[in-house]
Structure formats: structure tokens, C-alpha cells
Amino acid sequence: MNPKLFSLLNIELIKELRNKYILAGLLVYELSCVLLVKFLVQYAEVSKNEETTLLALFWLTILFSIVNSVVSSFQKEPEGRMFYYRWAVSPEMFIVSKLIFNFIFAVLLALIGFVTFYTMVGFEMQNMPLFLATVILSCGGYTIIFTTVGAVAMGTRNAATLTAILGLPLIIPILAFIAKLSMASLEPAISDIAIKNLLLLFVLDCLIGAFTYVLFPYIWRD
Amino acid sequence: MWWKWLCAALLVYILLAGMLIPMGSGISSVQPYVFKADTVFTFSVKGVNTNFSAQSNTQVWFKAEQKYFCASKIEVVDAEHLNVQFGISKALSEPLKDNNYDIIVNNDKDGTIALREGVTLLPGSVAVVDSTLPTTNSCVVEVDNNKSAAFAFPFREILYESIRNTFYHVPMWFTMLFLILLSTYFSVRYLQTNNLQNDLLAAAFGSVALVFGILGIVTGMIWATYTWGEPWPNDPKLNGAAIGIMIYLAYIILRGSVDDEIKRARIASVYSIFAAVIFILFIFVVPRLPGTDSLHPGNGGNPAFSKYDLDSHLRMVFYPAVIAWILLGLWVSGILVRINLLKEKHKK
């Protein structure tokens, strides 16, 4: 083999092995993604129709666009501006503003995703209001979780990957609701169980939102 | 110090008692497992660790819908094999909606043992009807003792000898949950006090919880392979376990990605609390959502362990096992804390 090519490969390998945490992070990232697919597919109690596969793909598309939007919202802040924020506003104010903005942004992204997915790929949606309510509530959950872990990962080495690694295992409870609710919206009538799940998802959003509100000042302190 | 001795002694005890106490007696199979009305069949019953003998007063019944039917003739082949002649007339079997019959054997040594739904009555009759079969049930059920005299773990179909995994798999989860709660508690303490020692404790408990989680998954997967037929069936509890492991892996990677120890302590504590809240919600709320089933005992219509499988002999090993594994978890965490303290000292 060409010795120069070999030493280049060797350098790549050494670079990869130098930081074991980044390597482990990539592995966890990959495993989390596999688990996500498994859970989406399993909670929908699949193999009943092909619609569930399309729904799983739809939710993964939405999920990763929201992850990217939240990650970039923290990377856009230069270090100097954070100092200014610390001086000018309270941590609660800061996190609430981030949550509200990221939530609106996520809902917009999800709606654009839904319209394009619906027109280009298409699935048999029978109960649009229920599905849209699920989209909005799950965007709320995604936003809260990824904003919190984004704040946690802010200022660490490779914050972008870390945000995903920290957040992906945490959104699985929301996925359990999403899968059940999107299966319910394949049927025209709204069942009591669907309403109950929708309410529970709302309660879950509020609860983790409250924890973010309480915990964020501790991250903010420097 | 004394509790480390207690832990070691208990671990030796559960290893010895868990492996040496024999399996109780039970019925493993019946051949043939289907039969038809109106003729006498000879069933060969295979027992495990049983003491069938002509002297031990062996009786056999077939049971469907709370009704007992006596076997017409019982022949003891050896201590673990019986040949039982049994037939049921159409007049007796037709009113019953349940066509699965339990086989119940009682003798003086083994007590009462049974194979639930061991044989199935096929619809339709046979060509030559045996008219000597009784048309009314005159079976008498009278036993001297129900309990086996032997000191043994209960015999359960499907589980068999693997019931001993109760002393390893189940306590692993208890220990993991206990350590996660401790880790979360010390994370909260760190945010309250800013004392780095609390963060060190939280990190150690988190890492050891991860190890116990992985052990729990491995023991569970081995168990599931032999009882449920596949290592990873669809089950909400398995998902909870997988999530717990991913969360604490992420926690360790987070800790490894920050160099400044005060900053590391602060963000790791915040993540640990946030993650624990979601994790605990997930394992206690999601399995109770409407329309969720689980293969685990105590979920989705399956009877809980305490109701069914935890008899007094199992308890004698199971409770010490829970204490022993939790103590071991604390012990290992303690060592980890001391190693980390030494490392910090060495750095300075």
C-alpha cells in the first residue's frame, strides 16, 4: 500500500481514538436512533397496516428538523452576548423567551413538514384536528426537552452531537404518546382514550416545562 | 464496615441456597395432549422430581371449569412416570364450555401438583362409543395433604429451573432504581450546597446504576430467551430499561465532555435531575397507559410475582438477595468515590 495513504489513514484513526467520549457519543447517538425507530414502530402496535411505517418516517423527519433548529439556536449565541444577557435579564426570562421562540419555530417547521409530507408522500389521515393537536403538543415536548439539554450542552466540546445524545433518550416517553395518538387519528371518530392521552401529553409538557424553569438558573450561573 | 461483611455473607448465601435448593415436583408433559369424548384413552404423565409409587397413594384428576373428573385407572411406571386411563362421556363433557383440561396429581410425598390446560378435548366423537363410561359425575376429591413435604423452590411451567434467576434479575433492577434515586438526591444536594463531594457521589451512583442496569438487561435477555422464546420481545419494561441505560450513558459522556470541574458538576447535576424525572415518569406512567400490555408479572393482566411465584421458599432467598445486591451497589459506589477523590488529589 502507498505509505502516504497508510499514514493518512493512521492519522484518521488516531484522531478518532484520541477523544473516547466523542467516539462513545457517536455510538450512543446511533443506538438512540435505532431505539427511536423501534419505539415508534412498537408503540403504534404495527404490522397491522403500512400507514404506521409512513407515520414513523414522518415523526423522525419532524424530530430531526426540530433538533437541528434548537441546536442552532444555542450555537448562534456568541460568548460575549451571553455575558450581556447575564447582566441584563433574569435566567427565567431568558429561558422562557428561548422556549416560546423555539416552540413557535418548531410548530412552523412541523406544519411545513406535514404539508409537504402529506402532499408528496401522503397518508390516509381521517382525523385531522386530532393529528394537528398531537403535532402541536409533541412540538411543545420536543422544544422543552431539547432546549433544556441544549442549554446543558452549551459550552461543552461538540455541543451539537451532545445535545442529540442527551435529548434522544428523554423524548421517548413523548414518542409513546405520539405513536398512540397518530394511530388514533387514522380513525374518523375520537375515542375517550385518545382524549385522555392528549391530556396526559399536555400534562407531561407542563411538568417538564416546570422543571426546566426551575433548573435553568443553575446552568446559567457562572 | 459490618455491612460489607453482611453483603459478602448474603451473596455467598444466595449463591449457595439459590443453586443448591432443589426444584419442587411438578408435571412437565402429558401424552397425548388431545383426546375425544366417549372412549377411554391412556395418557402417559411425565413428572419432574416427583415420587410416584404404589405406596404413596397417588391419585389423578382431570379438571375443567372447576369440575373434577376421576381417572379410571392409574398405573405407576416409576417415580417420574404414570400411565393414566381416562375417558369422558359426551353427556358429561358437552355442557362444559372449556375444553382444556388441567391434570392434577396428588400423593402423600409431593402434595398436589398440576399441569394447567394439559390436554384438550377435540370436538366430535369416536367411531366406537364406549357406553360403559359414566354419564353423571361421581368423582370424589379427597386428599390428605396439599403441600409437598420437600424443601424446594416451586415448580412452574415455562420457568422450570430458570426460576432461580429471580435472585439475580429482579434485584438488579431494584438496585439500579435505588442507585438512580440516590444519584438524583445527591445531584439536588449539589445544587443546594455547591459542595463538590455531593457531585462526586452522584456521579459514582449514576455509573454503578448503569452497570446494574446492563447486568439486569443481560440476565433478563437470557431469561427471556428460555421463557418467552426471544431475547428482546416487545415489552414496555424492556423499553424503560433501555432508556435508563441510554440516559446514564449520555450522563457519563456529558461528564467526560467538560473539563472545568465546577461547570461539569453543575450541568451534570441539572441533566441528572431532569433525566431522572422523565425516566421515573416513563417507567411508572407509560406502562399504565390504556392499551399497553406487558409480559412481566404484575402488568397487563399477568399476576404479580407476590401472588403467584414468590412462595415462602423463594422469599427466603429473594429478600436477602435484594438486600445483598443493593449493599454491593453501595459498596462499589463507595470504592468509585474514593478512586475519584484520589485522582483529584493526584491532579493537584
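Data block above holds the structure.
The structure contained in this document is the topic of the report that follows. (Residues numbered from 1 in each chain as written. Chains lettered and ligands numbered in written order. Predicted model: local features only at pLDDT ≥ 70, side-chain atom pairs only at ≥ 80, totals over all residues. Heavy atoms only, no water.)

## Points about the overall build of chain A
Selection rule: Each helix corresponds to a stretch of at least 4 residues labelled H or I by DSSP, and each strand to a stretch of at least 2 residues labelled E; elements are numbered beginning at the N terminus. Classification of residues uses two cut-offs on accessible area relative to the type maximum, computed with a 1.4 Å probe and protein chains only: under 20% is buried, over 50% is exposed, and between them is partly exposed. Residue contacts are counted whenever heavy atoms from the two residues lie within 4.5 Å of one another.
Along the backbone of chain A there are nine helices and zero strands. Listing each helix as α and each strand as β along chain A from the N terminus yields α-α-α-α-α-α-α-α-α. With the principal axes as the frame, chain A shows a C-alpha extent of 65 × 60 × 25 Å. Burial analysis of chain A (222 residues in total) assigns 48% to the buried set. Contacts in chain A between residues at least 24 apart in sequence constitute 78% of all its contacts with a sequence separation of at least 6.

## Quick look at the packing of helix 6 (residues 128–153) of chain A against helix 7 (residues 159–167) of chain A
The packing of two helices is summarised by the inter-axis angle and the distance between the axes. All names here are of chain A. Operational definition: Axis lines are fitted to C-alpha atoms, over the contacting stretch for helices. Their N-to-C directions set the angle, which ranges from 0 to 180 degrees. Working rule for angles: under 35 degrees goes down as roughly parallel, over 145 as roughly antiparallel, 65 to 115 as roughly perpendicular, anything else as oblique. Put simply, a crossing is left-handed when the front helix is turned counterclockwise from the back one by less than a right angle, and right-handed when it is turned clockwise.
Where helix 6 contacts helix 7, the two axes come as close as 9 Å, and the packing angle between them is 135 degrees. Between helix 6 and helix 7, the interaxial angle falls into the category oblique. Considering the relative orientation of helix 6 and helix 7, their crossing is right-handed. Here helix 6 contributes Ile145, Phe146, Val149, Gly150, Val152 and Ala153 to the contact with helix 7, which in turn contributes Ala159, Leu162, Thr163, Ala164, Leu166 and Gly167.

## Digging into the interface of chain B and chain A
What counts, and what does not: Here the quantity called buried area is the accessible surface, traced with a 1.4 Å probe, that two parts lose on coming together, added over both. Salt bridge, as used here: a side-chain nitrogen of Lys or Arg that lies within 4 Å of a carboxyl oxygen of Asp or Glu. N or O atoms within 3.5 Å of each other form a polar contact, as long as, within protein, one can give a hydrogen and the other can take it, and as long as residues adjacent in sequence are counted only when both atoms are side-chain atoms.
Each side of the interface is counted separately: chain B has 37 residues, and chain A has 43 residues. Per-residue buried area on chain B facing chain A is highest for Met246(B), Ile253(B) and Phe274(B); these three make up 18% of the total on that side. Where chain B touches chain A, the interface holds zero salt bridges. Across the chain B-chain A interface, the total number found is two residue pairs in polar contact (both at pLDDT 80 or more). Those elements that provide at least two residues to the side of chain B that touches chain A are helix 5 (236–256) and helix 6 (261–284) of chain B.

## Here's the deal with the sheet that holds strand 7 (residues 81–87) of chain B
Residues and elements named next belong to chain B. What counts is decided by this rule: Pairing between strands requires that DSSP locate at least two bridges from one strand to the other.
With antiparallel pairing, the four strands of this open sheet are ordered in space as 1-3-7-6. Since the sheet does not close on itself, it has two edges, and those belong to strand 1 (26–31) and strand 6 (73–78), each with one partner. Strand-to-strand, the axes of this sheet are offset by a mean angle of 25 degrees, without reference to chain direction. In this sheet, strand 7 lies alongside strand 3 (residues 40–48) in antiparallel orientation, the contact comprising seven bridges. The residue of strand 7 that forms the bridge with Val45 is Leu82.

## Some thoughts on the pairing of strand 9 (residues 111–125) of chain B
Residues and elements named next belong to chain B. Across three bridges, the pairing between strand 2 (residues 34–37) and strand 9 is parallel. When the sheet's bridge partners are listed, Val34 is paired in strand 9 with Thr120. Remark: three residues form the turn of the hairpin made by strand 8 (residues 100–107) and strand 9, two consecutive strands paired antiparallel.

## Things to note about the sheet that holds strand 2 of chain B
Residues and elements named next belong to chain B. Spatial ordering of the open sheet is given by 2-9-8-4-5, a layout of five strands whose pairing is mixed. The strands lining the two open edges of the sheet, one partner per strand, are strand 2 and strand 5 (67–70). Taking each pair of neighbouring strands and ignoring which way they run, the sheet shows an average axis angle of 40 degrees.

## Regarding the layout of surface pockets
Residue and element names in this part refer to chain B. For clarity, the threshold we go by: Computed over the protein atoms alone on a 1 Å grid, cavities are sets of points where a 1.4 Å probe fits but cannot get out and pockets are open sets with protein on both sides within 12 Å along at least five of seven lines; a residue lines them when it has an atom within 4 Å of a point. Grid points are joined across faces, edges and corners, and a volume is the space filled by probe spheres set on the points. Under this grouping Gly is polar, as are all residues other than the nonpolar Ala, Val, Leu, Ile, Met, Phe, Trp, Tyr, Cys and Pro and the charged Asp, Glu, Lys and Arg.
Looking at the second largest pocket, its volume works out to about 630 Å³. As for the second largest pocket, its lining consists of 21 residues, and the residues nearest its centre are Thr112, Ile113, Pro154, Phe155 and Arg156. In terms of residue count, the dominant contributor to the lining of the second largest pocket is strand 9 (four residues). Taken together, the residues that form the lining of the second largest pocket break down as eight nonpolar, seven polar and six charged.

## Details of the environment of Ile158(B)
Residues and elements named next belong to chain B. Tracing the backbone through its elements, the reader meets Ile158 in the loop between strand 9 and helix 3 (169–193). Residue class for Ile158 comes out exposed when judged on its relative accessible area of 53%. Apart from the residues lying within four places of it in its own chain, the contact partners of Ile158 are Tyr226 and Thr227.

## What about unusual backbone geometry?
All names here are of chain B. In the segment running from Gln31 into Pro32, the intervening peptide bond is cis, with an omega of -10 degrees. One can find Pro32 in the loop between strand 1 and strand 2. Look at Asp38: it is not a glycine, yet its phi comes out positive at around 70 degrees. Within the fold, Asp38 resides in the loop between strand 2 and strand 3. Judged by relative accessible area, Asp38 falls into the buried class, the value being 9%. You will see that Glu117, though not glycine, has its phi angle at about 50 degrees, which is positive. Looking at where Glu117 falls in the secondary structure, it is placed in strand 9.

## Some remarks on helix 7 of chain A
In terms of burial, helix 7 of chain A is a largely internal element, seven of the nine residues being buried. Ala159(A), Leu162(A), Thr163(A), Ala164(A), Ile165(A), Leu166(A) and Gly167(A) are the residues of helix 7 of chain A that are buried.

## Here we look at helix 5 (residues 91–120) of chain A
Since the α-helix advances by 3.6 residues per turn, residues separated by three or four positions end up pointing in the same direction. Residue and element names in this part refer to chain A. Just so we agree on the cut-off: What a helix should span is 1.5 Å times the count of its residues minus one.
If you check helix 5, its first and last C-alpha atoms are 42 Å apart, about what 30 residues at 1.5 Å a residue would give, namely 44 Å. Within the sequence span of helix 5, burial applies to Pro91, Phe94, Ile95, Lys98, Leu99, Asn102, Ala106, Val107, Ala110, Gly113, Phe114 and Phe117. For helix 5, the elements touching its buried residues are helix 3 (51–75), helix 4 (79–88), helix 6 and helix 9 (192–220). Once helix 5 ends, the next one or two residues include Gly122, with phi positive near 80 degrees.

## A closer look at the packing of aromatic side chains
For clarity, the cut-off: The rule is short: rings of Phe, Tyr and Trp, with Trp giving its six-membered ring, pair when the centres are within 6.5 Å, and they are stacked under 30 degrees, edge-to-face over 60, tilted in between. Only when the NZ of Lys or the CZ of Arg is both within 6 Å of the ring centre and within 35 degrees of the ring normal is a charge said to sit over the ring.
Overall, the coordinates contain 28 aromatic pairs over all chains when judged by the stated rule. When the centroid spacing of 5.9 Å and the interplanar angle of 75 degrees are considered together, the rings of Phe58(A) and Phe114(A) count as edge-to-face. Pair noted here: Phe58(A) is in helix 3 and Phe114(A) is in helix 5, with a separation of 56 residues, a long-range link. Each member of the pair Phe58(A) and Phe114(A) is classed as buried. Between Phe58(A) and Phe131(A), the ring centres sit 5.7 Å apart and the planes meet at 40 degrees, which makes this aromatic pair tilted. Within this pair, whereas Phe58(A) is found in helix 3, its partner Phe131(A) is found in helix 6, the two being separated by 73 residues in sequence. In this structure an aromatic cluster arises from ring pairing among Phe35(B), Phe41(B), Phe43(B), Phe62(B), Phe69(B), Phe86(B) and Tyr101(B). For the cation-ring pair, Arg86(A) lies above Trp220(A), with the distance from its terminal atom to the ring centre recorded as 5.5 Å.

## Topic: the side chain of Thr58(B)
The topology assignment puts Thr58(B) in the loop between strand 3 and strand 4 (59–64). Beyond its immediate stretch of four places on either side in the chain, Thr58(B) contacts Phe52(B), Ser53(B), Ile74(B), Leu82(B), Val105(B), Asn106(B) and Asn107(B).

## Focus: empty space enclosed by the protein
All told, the structure shown has two cavities of 30 Å³ or more when counted by the stated rule. Of the voids in this model, the second largest cavity is the one considered here, and its volume is about 30 Å³. In terms of lining residues, the second largest cavity is bounded by Asn19(A), Tyr21(A), Ile22(A), Arg157(A), Asn158(A), Gly256(B) and Ser257(B). Of the residues that constitute the lining of the second largest cavity, the class distribution is two nonpolar, four polar and one charged.

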